[in-house]
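Spelled out, the chains give:
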Amino acid sequence: MSVNVRPAEKKDREELTKLMYEYIVDFYQRPRPAVEKVHDLIDMLLEKEEGIQFVAEKEGKLTGFATLYFTFNTTRADKITVMNDLYVVEEERGAGVAQELFKVCENYTKEHGYFHMSWVTAPDNYRAQRFYEKMGGKRADWLNYTI
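Quick caveat, the model's predicted, so the values are computed rather than measured. (Residues numbered from 1 in each chain as written. Predicted model: local features only at pLDDT ≥ 70, side-chain atom pairs only at ≥ 80, totals over all residues. Heavy atoms only, no water.)

Student: Sorry, what's going on with the overall build of the protein chain here?
Tutor: In terms of helices and strands, the protein chain carries 4 helices and 5 strands. Sequence-ordered secondary structure for the protein chain, helices as α and strands as β, is β-α-α-β-β-β-α-β-α. Its C-alpha atoms give the protein chain a radius of gyration of 15 Å, near enough to 15 Å, the size a compact globule of 147 residues would have. When its C-alpha atoms are laid out on the principal axes, the protein chain stretches across 40 × 35 × 30 Å. Within the protein chain, buried positions represent 41% of all 147 residues. The long-range share in the protein chain, meaning contacts at least 24 apart out of those at least 6 apart in sequence, stands at 57%. As presented, the protein chain carries roughly 9500 Å² of accessible surface, and 51% of it is formed by carbon and sulfur atoms. If the 21 positive side-chain charges of the protein chain are averaged to one point and the 25 negative ones to another, these points end up 4 Å apart. (Helix = DSSP H or I, 4+ residues; strand = E, 2+ residues; numbered from the N terminus. Rg over C-alpha atoms; globule rule 2.2 N^0.38 Å. Buried < 20%, exposed > 50% of the residue type's maximum accessible area, 1.4 Å probe, protein only. Contact = heavy atoms within 4.5 Å. Areas by Shrake-Rupley, 256 points an atom, 1.4 Å probe, with all protein chains shown as cover. Lys, Arg positive; Asp, Glu negative; His and termini not counted. Charge placed at Lys NZ, Arg CZ, Asp CG, Glu CD.)

Set out below in structure tokens:
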């Protein structure tokens, strides 16, 4: 059965929360945020004003998600999207789910008049880097810092 990629809906909240914890805690080894914070984030994205979240669904079960945030690029003087997350459950990796999520994000960016879509990945996430290069992504010239 094929995967269906669509915008997240209110009915997805609990299952999406579980996926987000897998992504945050299990995959990226980060501290578990309070469930209220995760729910607030999902609810904000459901409004589709500051960003949007897409889910991949297969046989009635969520198998992945991607998050786009809406922002601006000063050097382009234009609006852009930032794909902050692209996650697929382990058993569905390599089955085309990530490609479908990526394409939906890319199409959303184009169809809604954004200049481009950007994203980052961990420097040691070689699988993701190969995937993004396969999807046509090019390494940017900028370095990311946090404080």
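Student: So what exactly am I meant to see when it comes to the packing of helix α3 (residues 97–111) against helix α4 (residues 126–134) here?
Tutor: For any two helices packed against each other, the geometry is given by the interaxial angle and the distance between the axes. Where α3 contacts α4, the two axes come as close as 11 Å, and the packing angle between them is 55°. Accordingly, the angle class assigned to the pair α3 and α4 is oblique. In this structure, the crossing between α3 and α4 has a hand that is right-handed. Contact residues: α3 offers Ala98, Gln99 and Phe102, while α4 offers Phe131, Tyr132 and Lys134. Residues that form the contact of α3 with α4 fall into these classes: 4 nonpolar, 1 polar and 1 charged. (Axes fitted to C-alpha atoms, helices over the stretch in contact; angles between N-to-C directions. Parallel < 35°, antiparallel > 145°, perpendicular 65-115°, else oblique. Left-handed = near helix turned anticlockwise from the far one by under 90°. Nonpolar A, V, L, I, M, F, W, Y, C, P; charged D, E, K, R; others polar.)

Student: Looking at this structure, I do not really get the nonpolar core. What am I missing?
Tutor: The nonpolar side chains of soluble globular proteins are, as a tendency, buried together. Counting residues in each nonpolar core, the largest one holds 22 residues, and the members touching the most others are Phe54, Leu68, Met83, Leu86 and Leu101. Those elements that provide at least two residues to this core are β2 (51–58), β3 (61–73), β4 (78–88), α3 and α4. Ranked by residue count, the leading element in this core is α3, at 6 residues. Contacts of Met83, omitting those with residues within four sequence positions, involve Thr67, Leu68, Phe102, Cys105, Met117, Ser118, Trp119, Val120 and Tyr132. Leu19, Tyr21, Ile42 and Val55 belong to the second largest nonpolar core, which has 14 residues in total. (Core = buried A, V, L, I, M, F, W, Y, C linked by side-chain atoms within 4.5 Å.)

Student: I tried to follow α4 on my own but got confused; where do I start?
Tutor: Since the α-helix advances by 3.6 residues per turn, residues separated by three or four positions end up pointing in the same direction. Among all positions of α4, only Ala128, Gln129, Phe131 and Tyr132 are buried. Angular distribution of buried residues about the axis of α4 spans 160°; they occupy a single face of the element. Projecting away from the buried face of α4 at angles above 90 degrees are the exposed residues Tyr126, Arg130 and Lys134. The secondary structure elements touched by the buried residues of α4 are β4, α3 and β5 (117–119). (Arc of directions from axis to C-beta.)

Student: Just to check I follow, could you spell out the sheet that holds strand β1 (residues 4–7) for this structure?
Tutor: Working definition: the strands of a sheet are paired by backbone hydrogen bonds and lie parallel or antiparallel to each other. Taken in spatial order, the 5 strands line up as β1-β2-β3-β4-β5 in an open sheet, and their pairing is mixed. In this open sheet, the two edge strands, each paired with only one partner strand, are β1 and β5. Going from strand to strand, the sheet's axes swing by 30° on average, the running direction of each strand aside. As defined by bridge partners, β1 adjoins β2 across 4 bridges and the pair is classed as antiparallel. Bridging across to β2, Asn4 finds its partner in Glu57. (Pairing = 2+ DSSP bridges.)

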